[in-house]
Amino acid sequence: MATTGQVIRCMAAVAWEPRKPLSIEKVDVAPPKAHEVRIKVVASGVCHTDWEYLYEAGRGMNLRPFPLVLGHEAAGVVESVGPDVTKFAPGDKVIPLFLPFCEECDQCKCEKTNLCKKNWENTQAGVLADGTSRISCRGQQVYQFLGISSFCQYTVVPDTSLAKINPKAPLEKVCLLGCGVSTGYGAAVKTGKVENGSCCAVFGLGAVGLAAVMGCQVAKARRIIAVDINPDKFQKAMEFGATECINPRDYGNKPIQEILVEKTNGGVDYALECVGSPVTMSAALESTRDGCGTCVISGWTETEWMNVQVIKILMGRTLKGTYFGGWKSARDIPQLVEDYMQKKLKLDEFISHNLPLAQINDAFDLLRNGQSIRTVISLEDF
């Protein structure tokens, strides 16, 4: 392409400081270095984690350096590749990934985990392998959120944090597989291993929770109880496979775990926590059945503590955490794209709003007010 090897000037939503709205700015995106790929971002989902890192920075989340460009759930097209990149070429359709897959480390070679740590510390700090970002604005380095920064029309990512996908895949749909849908769906079918005929409870009905409901249905769970304090989400949960919905506020001060234990005659087989609240995590665990209940934590928080009564574990329950749904990112995401293309996996139904980059702050407002499931930002429209 004509831009290969050149700095690209484009538009991005820049977070200059915590708890302030994003600012639409012209930024410069440098060419990729060794083992890096520059992408033209076509579409990006707006994830609750993006909002939290901006508006809850330093509270339940570790403080990242500012200024930064948020966004980590995206899809795009390869614009150019750096030296030593062998698996990608200009024109490839791709999904950037905040979880790498180097194929070489012990974690990648082990089927029990997906936690590859290639460039992990750097990307968590908002920089690439050489300790710098490829994005700058007003002569200042702008950090790349989780090594991605998809609220920018172009970005550069490590070649180990990228999945090449079906060239026919609609990027404005499959971008959701970059985080939320993969996380919730995998929590049910991969980490939790929900069984045929089982009874499940899903806590939280955002995109991750609805994907967990979908996963329970795909696993042929007999009963899927969706739990949320926002009843406006219940119809959508039923469309994804929930068999019943519960609003804890309808029961006064009675703990939700007690309600579920009573309704299921002893507790659910699987509880999937998709909120990121330690209180909800404890409730989810306590809602499971003695002896064989499994609780999977997929809601995200970094600095908070979960309270677990030891007897709940001693009585045979299993407590698991999942990161990115347990998927080995670059290896497994292309297959999830194929599942969507073959209508085995829903994505369109998660998208409640489509907005241009210029309205990114409106997307955050919709999210904060519980009015959206997933807003997809078009980076081509401005």
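As the structure is a prediction and not an experimental result, all values here were calculated from the model.

(A) Local environment of the overall build of the protein. Regarding its fold elements, the protein presents twelve helices and 18 strands. Across its three principal axes, the protein shows a C-alpha extent of roughly 65 × 40 × 35 Å. Counting only residues that meet the buried cut, the protein has 57% of its 382 residues in that class. Intrachain contacts of the protein at a sequence separation of at least 6 include 69% that bridge at least 24 residues. Of the side-chain charges in the protein, 41 are positive and 42 negative, and the distance between the mean point of each set is 2 Å.

(B) How the structure looks around the domain arrangement of the protein. Here the protein is described as being made up of domain 1 (181–325) and domain 2 (349–381). Domain 1 puts nine residues into the contact, and the matching count from domain 2 is five residues. In total, domain 1 and domain 2 occlude about 620 Å² of area from one another, counting both sides; carbon and sulfur atoms represent 75% of this. On the domain 1 side of the contact with domain 2, Ala 207, Lys 236 and Phe 240 bury the most area, a combined 56% of that side's loss. At the boundary of domain 1 and domain 2, one finds zero salt bridges.

(C) Seen up close, the layout of surface pockets. Here the second largest pocket defines a volume of roughly 440 Å³. Breaking the lining of the second largest pocket down by element, the ones donating at least two residues are strand E10 (162–164) and helix H11 (329–341). Of the residues that constitute the lining of the second largest pocket, the class distribution is eleven nonpolar, four polar and nine charged.

(D) Here's a closer look at the packing of aromatic side chains. Enumeration over the complete set of coordinates arrives at ten aromatic pairs. Sitting above the plane of the Trp 120 ring, Lys 117 keeps its charged end 5.7 Å from the centroid. The lysine or arginine in question, Lys 346, covers the ring of Phe 240, its NZ or CZ lying 5.4 Å from the ring centre.

(E) Representation of the pattern of salt bridges in the model. For the structure on display, the rule yields 20 salt bridges. With its nearest N and O atoms 2.5 Å apart, the salt bridge here joins Arg 138 to Glu 25. A residue pair is termed long-range when its members are at least 10 positions apart, and Arg 138 in the loop between strand E7 (135–137) and strand E8 (140–144) and Glu 25 in strand E2 (residues 23–29) qualify at 113 residues. A relative accessible area of 62% places Arg 138 in the exposed class. For Glu 25, a relative accessible area of 10% corresponds to the buried category. Asp 332 serves as the salt-bridge partner of Arg 331, at 3.0 Å between the closest nitrogen and oxygen. The class of Asp 332 is buried, set by a relative accessible area of 12%.

(F) Main features of the sheet that holds strand E4 (residues 68–69). If you trace the five strands once around the closed barrel, you get E1-E2-E7-E8-E4, paired in mixed fashion. Alignment of E2 against E7, held across two bridges, turns out to be antiparallel. Across the sheet, residue Asp 28 finds its bridge partner in E7, namely Ser 136.

(G) Main features of the UniProt feature "domain: Alcohol dehydrogenase-like N-terminal" (unreviewed entry) in the protein. Following the UniProt record, one finds the feature "domain: Alcohol dehydrogenase-like N-terminal" (unreviewed entry) at residues 34–166. The span residues 34–166 shows a helical share of 13% and a strand share of 31%, and its end C-alpha atoms are spaced 25 Å apart.

(H) Region of the structure containing helix H6 (residues 207–218). An ideal rise of 1.5 Å per residue puts 16 Å on twelve residues; H6 measures up with 16 Å between its terminal C-alpha atoms. Of all the twelve residues making up H6, ten are buried; the element is thus mostly covered by neighbouring parts of the structure. Of the residues making up H6, those classed as buried are Ala 207, Val 208, Gly 209, Leu 210, Ala 211, Ala 212, Val 213, Met 214, Gly 215 and Cys 216. Close packing links the buried residues of H6 with helix H5 (180–191), strand E11 (199–203), strand E12 (223–227), helix H7 (234–240), strand E14 (270–273) and strand E18 (374–378). Directly beyond the C-terminal end of H6, a positive phi value near 65° is found at Lys 220.

The rules behind these values
- Residues numbered from 1 in each chain as written.
- Predicted model: local features only at pLDDT ≥ 70, side-chain atom pairs only at ≥ 80, totals over all residues.
- Heavy atoms only, no water.
- Helix = DSSP H or I, 4+ residues; strand = E, 2+ residues; numbered from the N terminus.
- Buried < 20%, exposed > 50% of the residue type's maximum accessible area, 1.4 Å probe, protein only.
- Contact = heavy atoms within 4.5 Å.
- Lys, Arg positive; Asp, Glu negative; His and termini not counted.
- Charge placed at Lys NZ, Arg CZ, Asp CG, Glu CD.
- Domains from an automatic or database assignment.
- Buried area = accessible area lost by both parts, 1.4 Å probe.
- Salt bridge = Lys/Arg side-chain N within 4 Å of Asp/Glu carboxyl O.
- 1 Å grid on protein atoms, 1.4 Å probe; cavity = no way out; pocket = protein on both sides within 12 Å on 5 of 7 lines; lining within 4 Å.
- Points joined across faces, edges and corners; volume = space filled by probe spheres on them.
- Nonpolar A, V, L, I, M, F, W, Y, C, P; charged D, E, K, R; others polar.
- Phe/Tyr/Trp six-rings, centres within 6.5 Å; stacked < 30°, edge-to-face > 60°.
- Lys NZ or Arg CZ within 6 Å of the ring centre and 35° of its normal.
- Pairing = 2+ DSSP bridges.
- UniProt positions renumbered as here; feature names shortened; annotations may be inferred.
- Expected span 1.5 Å × (residues − 1).

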